[in-house]
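Okay, here's what each chain looks like letter by letter:
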Amino acid sequence: MSTMSDKALKYVPTTCPYCGVGCGLNLVVSDGKLVGVEPYKRSPINEGKLCPKGMTCWEHVQSPDRLTKPKIKKNGKFVDASWDEAIDLIVKKFTEIYKQHGPKALGFQTSCRTVNEDCYALQKFARCAFLTNNVDNCARICHGPSVAGLSLSFGSGAATNPFEDVLNSDLLLIWGSNAVEAHPLAGRRIMQAKQKGIPIVVVDPRYSATARLADKWVRFNPSTHIALANNMMYYIIKEGLEDKAFIAERTKGFDDLKAMVQKYADATNIHGVPQETVKEIARQYATAKNAVIIYCLGITELTTGTDNVRSMGNLSLVTGNIGRPGVGVNPLRGQNNVQGACDMGAYPNVFAGYQAVAVPENRAKHEKAWFLKEGSLPDWYGSTLTEQINDAGTVVKAMYFMGLNPTVSYPDSNHVRQQLEKLDFCVMQDIFWNESCDYADVVLPGTCFAEKDGTFTSGERRVNRVRKAVDGPGESKYDWEIISMLAKKMGLKGFDWKSAKDVWDDMRAVTPGQFGVTYEKMEKPESVHWPCPTIEHPGTPILHIGKFSAADGKGTMFGLEYRPPAEVADAQYPFTLMTGRVIFHYHTRTQTDRAAQLHYEVPESYIQINTEDAKKLGIQEREKIKVSSRRGEIETLARVTDDVAPGVLYMAMHFHKGANTLTNTALDPLSKMPELKHCAVKVEKIAEAK
Ligand code: SF4
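Residues numbered from 1 in each chain as written. Predicted model: local features only at pLDDT ≥ 70, side-chain atom pairs only at ≥ 80, totals over all residues. Heavy atoms only, no water.

Our focus in this paragraph is the site of the ligand. The environment of the ligand is made up of Cys16, Tyr18, Cys19, Gly22, Cys23, Leu50, Cys51, Lys53, Gly54, Pro184 and Leu185. Residues belonging to the shell around the ligand are distributed by class as follows: 8 nonpolar, 2 polar and 1 charged. (Near = heavy atom within 4 Å. Nonpolar A, V, L, I, M, F, W, Y, C, P; charged D, E, K, R; others polar.)

Once that is clear, we can look at the sheet that holds strand β26 (residues 632–641). One closed barrel accounts for 6 strands, arranged β23-β27-β24-β26-β25-β28; its pairing is mixed. Pairs of neighbouring strands in the sheet enclose a mean axial angle of 45°, with direction left out of account. Inspection of the sheet shows strand β24 (residues 606–610) paired to strand β27 (residues 648–652) by 3 bridges, in the antiparallel sense. In the sheet register, glutamine 608 faces β27, and the bridge partner there is tyrosine 650. (Pairing = 2+ DSSP bridges. Helix = DSSP H or I, 4+ residues; strand = E, 2+ residues; numbered from the N terminus. Axes fitted to C-alpha atoms, helices over the stretch in contact; angles between N-to-C directions.)

Turning our attention to the sheet that holds strand β2 (residues 24–30). The strands making up a sheet associate through hydrogen bonds between their backbones, and the pairing can be parallel or antiparallel. Across the sheet, which stays open at both edges, the 3 strands sit in the order β1-β2-β3 with antiparallel pairing between neighbours. Of all strands in the sheet, those bounded by a partner on one side alone are β1 (10–15) and β3 (33–39). Adjacent strand axes in the sheet meet at a mean angle of 30° when their direction is disregarded. The pairing of β1 with β2 spans 6 bridges and is antiparallel. By the bridge assignment, threonine 14 is partnered in β2 with leucine 25.

Turning our attention to the packing of helix α9 (residues 225–238) against helix α13 (residues 275–287). Running from amino to carboxyl end, α9 crosses α13 at an angle of 70°, the nearest separation of the two axes being 8 Å. If you check the angle between α9 and α13, you find them roughly perpendicular. Between α9 and α13 the crossing geometry is right-handed. Each of Leu228, Asn231, Met232, Tyr235 and Ile236 in α9 lies in contact with α13, whose residues at this interface are Gln275, Val278, Lys279, Ile281, Ala282 and Ala286. Among the residues making up the contact of α9 with α13, the classes are represented as 8 nonpolar, 2 polar and 1 charged. (Parallel < 35°, antiparallel > 145°, perpendicular 65-115°, else oblique. Left-handed = near helix turned anticlockwise from the far one by under 90°. Contact = heavy atoms within 4.5 Å.)

So, on to helix α15 (residues 305–319). Given a rise of 1.5 Å per residue, 15 residues ought to cover 21 Å, and the 22 Å separating the end C-alpha atoms of α15 matches this to within 8%. Where burial is concerned, most of α15 is hidden: 15 out of the 15 residues are buried. Positive backbone phi, at 70°, marks glycine 320, one or two positions downstream of α15. (Expected span 1.5 Å × (residues − 1). Buried < 20%, exposed > 50% of the residue type's maximum accessible area, 1.4 Å probe, protein only.)

Geometrically, a pair of aromatic rings is defined through the distance of the ring centres and the angle of the planes. Per the stated rule, a full pass over the model turns up 21 aromatic pairs. Between the aromatic rings of tyrosine 98 and phenylalanine 130, the centroid separation amounts to 5.6 Å while the plane-to-plane angle is 65°, which identifies the pairing as edge-to-face. Taken as a pair, tyrosine 98 in helix α3 (residues 83–101) and phenylalanine 130 in helix α4 (residues 116–130) lie far apart in primary sequence, 32 residues in all. Residue tyrosine 98 is classed as partly exposed on the basis of its relative accessible area of 23%. We classify phenylalanine 130 as buried; its relative accessible area is 1%. An aromatic cluster is built from Phe94, Tyr98, Phe108, Phe125, Phe130, Tyr400 and Phe425, whose rings are joined through pairwise contacts. Over the face of the ring belonging to phenylalanine 495 we find lysine 124, whose NZ or CZ atom lies 4.8 Å from the ring centre. Directly above the ring of phenylalanine 432 sits arginine 594, whose terminal nitrogen or CZ lies 3.8 Å from the centroid. (Phe/Tyr/Trp six-rings, centres within 6.5 Å; stacked < 30°, edge-to-face > 60°. Lys NZ or Arg CZ within 6 Å of the ring centre and 35° of its normal.)

A few words on the pairing of strand β17 (residues 425–430). Most of β17 sits out of view: 6 of its 6 residues are buried. Because side chains alternate across β17, one face comprises the buried residues Phe425, Val427 and Gln429, and the other comprises Cys426, Met428 and Asp430, equally buried. The pairing of β17 with strand β18 (residues 442–445) spans 4 bridges and is classified as parallel. For aspartate 430, the partnering residue across the bridge sits in β18 and is proline 445.

In this section: the pattern of salt bridges. Inspection of every chain in the model, using the stated rule, returns 43 salt bridges. In this structure, glutamate 47 and arginine 189 form a salt bridge, with 3.6 Å as the shortest nitrogen-oxygen distance. Of this pair, glutamate 47 sits in the loop between β3 and α2 (52–55) while arginine 189 sits in helix α7 (residues 184–195), and the two are 142 residues apart along the sequence. The partly exposed category is assigned to glutamate 47, whose relative accessible area is 35%. (Salt bridge = Lys/Arg side-chain N within 4 Å of Asp/Glu carboxyl O.)

Judged by side-chain polarity, Leu9, Tyr11 and Val35 come together as a nonpolar surface patch covering roughly 290 Å² of accessible area. By the secondary structure assignment, leucine 9 is in the loop between α1 (4–7) and β1. (Patch = residues over 30% accessible without salt bridge, like charges linked within 9 Å, V, L, I, M, F, W, Y side chains within 5 Å. Areas by Shrake-Rupley, 256 points an atom, 1.4 Å probe, with all protein chains shown as cover.)

What follows covers the nonpolar core. If you look at the biggest cluster of nonpolar residues, it comprises 135 residues, and the most contacted ones within it are Phe94, Phe108 and Tyr400. If you tally residues by element for this core, the top one is α4, at 9 residues. Sequence-distant contacts of phenylalanine 108, defined by excluding residues within four places in its chain, comprise Phe94, Leu122, Phe125, Ala126, Phe130, Thr132, Asn134, Val135, Asp136, Gln388 and Tyr400. Judged by nonpolar contacts, the second largest core, of 42 residues, contains Val218, Met232, Tyr235 and Ile281. (Core = buried A, V, L, I, M, F, W, Y, C linked by side-chain atoms within 4.5 Å.)

By the element assignment, lysine 547 lies in the loop between β21 (528–529) and β22 (555–556). When its relative accessible area of 54% is taken as the criterion, lysine 547 is described as exposed. Distance in space between the C-alpha atoms of lysine 547 and glycine 393 is 47 Å, their sequence separation being 154 residues. Those residues in contact with lysine 547 that sit more than four places away from it in its chain are Arg250 and Gly553.

Along its 15 residues, α4 runs 21 Å from first to last C-alpha, staying within 8% of the 21 Å computed at 1.5 Å per residue. Counting buried residues in α4 gives 15 out of 15 residues, a clear majority hidden from the surface. Of the residues flanking the end of α4, it is leucine 131, one or two places downstream, whose phi is positive at about 45°.

For threonine 384, the position within the fold is in the loop between α17 (360–369) and α18 (385–390). Apart from the residues lying within four places of it in its own chain, the contact partners of threonine 384 are Asp136, Arg140, Pro348 and Lys672.

Here it is as structure tokens:
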């Protein structure tokens, strides 16, 4: 029975479960139930402000739709099962498949929305139980190219400077990012910069909410980043605006870059930007005392994603805009824990802290710490998230998904569904029954951010605490606890964790760059940025001061050729489709669509089409239209606007039977990122507007 004190309001400080800005907030609890959210005013990240998603982030937690019991598919129908039954079945099936087909027949995928501790637990389990590196996370389809590209340019695949540091800058170059909608509290910093009089240049094919803030908006042809960046660097070098001392002391590769950009003396035929504008923004960026680049998925979600990121690296290195306050290259992370899921080693070629599995000493250290036989851990590059799906049924026979909805969020939904059907065995661990659970053999109820302790690492490498406010529903369990149950069932040592902190400390013990990031240090509202190698270390808000993170301490410039997207508009499919987000939704809407206000704001999908194109096709505002690609077709509402150029369409990625029915699975060769931001489609009118 409740007492008066149970009913007193309790405020639990934690971190927003949505985007990678990592805003602090208080969950408000009364009588063991969430009743609201109160901004956490002491957080230096959001200073007591929240966006619409943050304000409503508690609403889905107590939804009656939550998964409360394990479910097993029997004779084609899902039935409730006990935890023992579910765990026994998973261990039996995975072990059978492993014994018959080996470690490459299993695939493990974790979400960037769950806590670091869950991600670390899953990759440790995959590696210890089945000696496989086939473990990945959904950063693969958002910022995989940032990890690859920034590592190649600077030696560390992470943002270089904190969000608030834009206020120390003299120019913001925002490229392929609609921060105001996708990362609203990072967008707030951009607005503050504008109020301070700091010039803002936005490079984007679309007139986005962020472009509206800019002093200069540069519209360019979709997916022509490298041509535009090379063209800018051609002028920077031609006019002697490169930072010669910085290049000589701190970088390598300048000659390759210089030779390459000569070919881009005038690339307007590719990127569509007049040369006067290219020259102007090149001068602006190169001559600003401190200039920062902020980019997002417009850069990464392409088959040239890694090279696009390296182009941003080239720009910063050639002008010396890196390694001090007010400069840098900062990817804005879409999900709350994109940075952390990668940091935790849920990646096919590295352990936590980006320690390469190919290095014998790294494997030996983990074998010892994880109670494994010497020489047992694999050295091969595991299969990525996208490759695991493509290989389902042939090489990959069983898959384990934690917090993912692949039939909506991965490219070419019809292909994903067909591939999941080919698996011998599939596990989905989640908080709701999502569209992908139908393809599972076992569905397990995990817990959400409000029901567990742990940490999220934000896009600025700040490790923020997540704190339990209420109990999970029914028989749900902490996600790391489920992994621990599986491991213990298999007789593995090293999984006897009693708390999220135990899992975190397990990770710290094998991860030098995060050894000093303790739960105690995270009690401070400002928490701590990694790298933080010792208990005494204060953390590192700004990377690459004096020396790059690469082994030789140098930043590397690359001569990069522009390559067109894998599929371009043609006579049959004459439109280019770009995809993105809206401010009111998060990923596949399993959480945000359960918040009444967010559902009200954007209840269904729509596509932006240029006014001239709509007129030619006889399409009116809010009319239902058919959009098809070589992979599938959808029906959606037209939004007629000049925000997109003629021949270009824009659609948010959040909806089932939406954008990803159309998108292309072609991969970036370096990061295996699919081309989510560019494919060819056609548009047909099907009904008159109401
Ligand atoms: Fe949450 Fe991002 Fe909004 Fe902050 S900006 S409240 S982290 S969704």
